[in-house]
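# Observations on the model geometry
Chain residues, written in single-letter form:
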Amino acid sequence: MISKLDSVLLPPKKFIFHYKNMRWARGRHETYLCFVVKRRVGPDSMTFDFGHLRNRSGCHVEMLFLRYLGVLCPGLFGGGAAGEKRLSYSITWFCSWSPCSNCSTRLAQLLSQTPNLRLRIFVSRLYFCDMEDSQEREGLRMLNKAGVNITVMSYKDYFYCWQTFVARRLSRFKAWDELNQNSVRLTRKLHHILQPSETEDFRDAFKLLGL
DNA sequence: ATTTTCAAT
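Residues numbered from 1 in each chain as written. Chains lettered and ligands numbered in written order. Predicted model: local features only at pLDDT ≥ 70, side-chain atom pairs only at ≥ 80, totals over all residues. Heavy atoms only, no water.

The name an unreviewed UniProt entry gives chain A is CMP/dCMP-type deaminase domain-containing protein, with Pleuronectes platessa as the organism. Per its UniProt entry, chain A bears the Sequence similarities (unreviewed entry) comment "Belongs to the cytidine and deoxycytidylate deaminase family." Under the UniProt heading Cofactor (unreviewed entry), the note attached to chain A is "Zn(2+)". (UniProt positions renumbered as here; feature names shortened; annotations may be inferred.)

## Comments concerning the nonpolar core
Counting 39 residues, the largest nonpolar core has F65, L69, I91 and W93 as the members making the most contacts within it. If you list the elements that add at least two residues to this core, you get β1 (32-41), α3 (61-72), β3 (88-97), α4 (101-113), β4 (117-125), α5 (135-145), β5 (149-152) and α7 (179-194). Ranked by residue count, the leading element in this core is α3, at seven residues. Residues within four places of F65 in sequence aside, it is in contact with L33, F35, L53, L72, I91 and W93. Counting residues in each nonpolar core, the second largest holds 17 residues, with Y19, Y32, C34 and C161 among its members. (Core = buried A, V, L, I, M, F, W, Y, C linked by side-chain atoms within 4.5 Å. Buried < 20%, exposed > 50% of the residue type's maximum accessible area, 1.4 Å probe, protein only. Helix = DSSP H or I, 4+ residues; strand = E, 2+ residues; numbered from the N terminus. Contact = heavy atoms within 4.5 Å.)

## A closer look at a nonpolar patch on the surface
Together, F202, F206, L208 and L209 give the surface a local cluster of nonpolar side chains, amounting to about 500 Å² of exposed area. Here F206 shows up in helix α8 (residues 196-209). Residue F206 is classed as partly exposed on the basis of its relative accessible area, which comes to 41%. (Patch = residues over 30% accessible without salt bridge, like charges linked within 9 Å, V, L, I, M, F, W, Y side chains within 5 Å. Areas by Shrake-Rupley, 256 points an atom, 1.4 Å probe, with all protein chains shown as cover. Salt bridge = Lys/Arg side-chain N within 4 Å of Asp/Glu carboxyl O.)

## So, helix α6 (residues 155-165)
Listed in full, the buried residues belonging to α6 are D157, Y158, C161, W162 and F165. For α6, the arc enclosing every buried residue in end-on projection is 140°, short of the 170-degree limit, so these residues lie on one face. (Arc of directions from axis to C-beta.)

## Considerations on the pattern of salt bridges
According to the stated counting rule, one finds five salt bridges in the structure shown. Of the charged contacts in the structure, one is a salt bridge between D130 and K189, with a shortest N-O distance of 2.6 Å. Placement of the pair is D130 in the loop between β4 and α5 and K189 in helix α7, with a sequence separation of 59 residues. One salt bridge connects K156 with D157, and the closest N-O pair in it is separated by 3.4 Å.

## A few points about the protein's contact with DNA strand B
Of all residues adjacent to DNA strand B, which total 21 residues, the nearest are W24, S98, Y127, F128 and D130. Restricting attention to atoms of DNA strand B within 4 Å of the protein, one finds that 40% of them are sugar or phosphate atoms. One of the side-chain nitrogen or oxygen atoms of Y127 is found 2.5 Å away from a phosphate oxygen of DNA strand B. Between D130 and DNA strand B, the recorded distance is 2.4 Å, taken from a side-chain N or O atom to a base oxygen. (Near = heavy atom within 4 Å. Polar contact = N/O pair within 3.5 Å; in protein donor to acceptor, adjacent residues only side chain to side chain.)

Given below as structure tokens:
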């Protein structure tokens, strides 16, 4: 089964290299996605599967994940029989880069058509989000509006990933220099991206005031 | 001060 094949644990060095949230992440020409799938039954949810994926040439890792969605979440789209009740799932994933605009669009579309699926995304770094008017920023806003909780990874998230997805043996997660500063900086940046309307409001207010 | 980015060679 695909999900089992790919649930092999990540080598520690690979995890650190790709998830390091440094300002200039030179040479990270790959993206990793660590995921946990939970089945929701009433108020309870149970871990159903977990693992990680890496992008393949020509296929961003998010789209690769969508290919496996049906396998990872049996019954998500119903069992085939008409009127059969669809099962509910919650997916949390931790991505080394935030999604590009195309992936965000596709994900938002899927989620709007699949109300029995919840998605929570943690990202280590923001992908092409420097320009105020970048498509990637717009994509993140779309995802947010589609109900996806997007969060910049902090120490506790790296710690959790290390415990869950990494072949760590007995070694404890060791934070790199400036992990916290970078996380705080990126969190602020993400907040700014997701709340542009406030800036617009300010602009309108300034305009009204003749400033 | 400046540096990167799900590559392209």
